Amino acid sequence: MARVLVVGAGLTGAAGAALLRGAVRGSVTVWDKARGAGGRMSTTRADRGSADLGAQFVTCEPELAGPRLSFYEELLSHGILKPLTAPVEGMVAREGSCNYVAPQGISSVVKYYLELSGAEVSYEQHVTHLSLRDGRWEVSRKAGPPEEFDVVILTMPVPQILQLQGDIVNKSPEAGPSVVVHTTVTFGSEHLDSDPAEVQQIILSHLQRIVPSLPKPSSIKCQKWRYSQVTRAVPNCPGQMILHTQPLLICGGDGFTRSNFDGCIESAMSLAEAVKPHLQQFQSGC
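Now for a quick tour of the structure. The shown structure was predicted, so the numbers you read here are calculated from the model rather than taken from an experiment.

1. Describing empty space enclosed by the protein
Move 1: Within this model, the largest cavity holds a volume of roughly 40 Å³.
Move 2: Residue lining of the largest cavity: Val-6, Thr-12, Gly-13, Gly-16, Ala-17, Leu-20, Ile-153, Thr-155, Ala-268, Leu-271 and Ala-272, and that is the complete set.
Move 3: Breaking the lining of the largest cavity down by element, the ones donating at least two residues are α1 (11–19) and α8 (261–279).
Move 4: Counting residues per element, the lining of the largest cavity draws most heavily on α1, which supplies four residues.
Move 5: Partitioning the lining of the largest cavity into residue classes produces seven nonpolar, four polar and no charged.

Structure follows, in structure tokens:
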């Protein structure tokens, strides 16, 4: 019986786990260091509303989506996504492209795939070490004892993969509206290690100048994405990279494709196709 661990409960990890359902004679486990699912497709909730902190909407370009088009169709049919009908100032839309939003928050897309996967999902599991132990991977975390797995799939940002140690190569009726302010990548880079309180004040002051009539918020959350956007994906990789064959250690995510929904799904499909042949050795086991 194989034990498969997916590290990262973002879109790639969740979709990858769902694609492996039925292919694993054993179990699939998903760990994430955060308190909930979503990764860069996370939704924050307060007493009087919610807001998508990362991706605000999903864009489908049918001529590029190819076999991934069915993923959009499935999410639409289940009401997870719906067409974006409101105008977005300054957005340049390509001919034939379609934009979608998630009525229950963008993290609902990730949660849908996690539920579909049937995997055992645990949060606040910060993986720190991967060690080879008699043909299996012993995975250590900051809290809790180490556990052994036959296959490990890493889907967190590439810089976090490189930080791992061990045997690897380096809706409420009272809900009000929410306002999400995204900074530029340049601003984020310049203030990456600044005091969050100071950065928050800079953003609020600028927002006040742009929208002086904006009412005082009931709550504020300043979110820093240290690894927010892939500017240069790992070259010559089919959506994933195998770091070790026996036992299998493989990594994927938008760092191996591109930073959008389609890129994450492409990586998830590539991960699943690469992992399935390695699971055949467990099909006849007990």
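Additional details are given in the paragraphs that follow.
2. Observations concerning the pairing of strand β12 (residues 151–154)
Move 1: The alternating pattern of β12 places Val-151 and Ile-153 and Val-152 and Leu-154 on opposite faces, both of which are buried.
Move 2: Pairing geometry for strand β1 (residues 2–7) and β12, over four bridges, is parallel. When the sheet's bridge partners are listed, Leu-5 is paired in β12 with Val-152.

3. Let's talk about the nonpolar core
Move 1: Membership of the largest hydrophobic core comes to 47 residues, with the highest contact counts inside it found for Leu-11, Val-109, Tyr-113, Ile-153, Phe-261 and Leu-279.
Move 2: Here this core gets nine residues from one element, more than from any other, and that element is α8.
Move 3: Ignoring anything within four residues of it in the chain, the contact list for Leu-11 reads Gly-38, Met-41, Val-109, Val-110, Tyr-113, Phe-261, Cys-264 and Ile-265.

4. Here we look at the environment of Tyr-72
Move 1: Take Tyr-72: it is sitting in helix α3 (residues 69–77).
Move 2: Taking the C-alpha atoms as reference, Tyr-72 lies 25 Å from Asp-32; in sequence the two are 40 residues apart.
Move 3: If sequence neighbours within four positions are ignored, Tyr-72 has contacts with Val-58, Thr-59, Cys-60, Ala-65, Tyr-100, Phe-261 and Asp-262.

5. Re the sheet that holds strand β2 (residues 26–32)
Move 1: Strand order in the open sheet formed by six strands is β8-β2-β1-β12-β15-β14, with mixed pairing between adjacent strands. What marks the edges here is a single partner per strand, and that holds for β8 (120–123) and β14 (240–244). Strand after strand, the sheet turns through a mean of 20° between neighbouring axes, direction not considered.
Move 2: In this structure, β12 lies alongside strand β15 (residues 248–252), joined through four bridges in parallel fashion. Each residue of the ladder has a partner; that of Leu-154, found in β15, is Cys-251.

6. Thoughts on the side chain of Thr-12
Move 1: The topology assignment puts Thr-12 in helix α1.
Move 2: Ignoring sequence-local partners within four residues, the contact set of Thr-12 consists of Thr-155, Gly-252, Gly-253, Asp-254, Cys-264, Ser-267, Ala-268 and Leu-271.

About the cut-offs
Residues numbered from 1 in each chain as written. Predicted model: local features only at pLDDT ≥ 70, side-chain atom pairs only at ≥ 80, totals over all residues. Heavy atoms only, no water. 1 Å grid on protein atoms, 1.4 Å probe; cavity = no way out; pocket = protein on both sides within 12 Å on 5 of 7 lines; lining within 4 Å. Points joined across faces, edges and corners; volume = space filled by probe spheres on them. Helix = DSSP H or I, 4+ residues; strand = E, 2+ residues; numbered from the N terminus. Nonpolar A, V, L, I, M, F, W, Y, C, P; charged D, E, K, R; others polar. Buried < 20%, exposed > 50% of the residue type's maximum accessible area, 1.4 Å probe, protein only. Pairing = 2+ DSSP bridges. Core = buried A, V, L, I, M, F, W, Y, C linked by side-chain atoms within 4.5 Å. Contact = heavy atoms within 4.5 Å. Axes fitted to C-alpha atoms, helices over the stretch in contact; angles between N-to-C directions.

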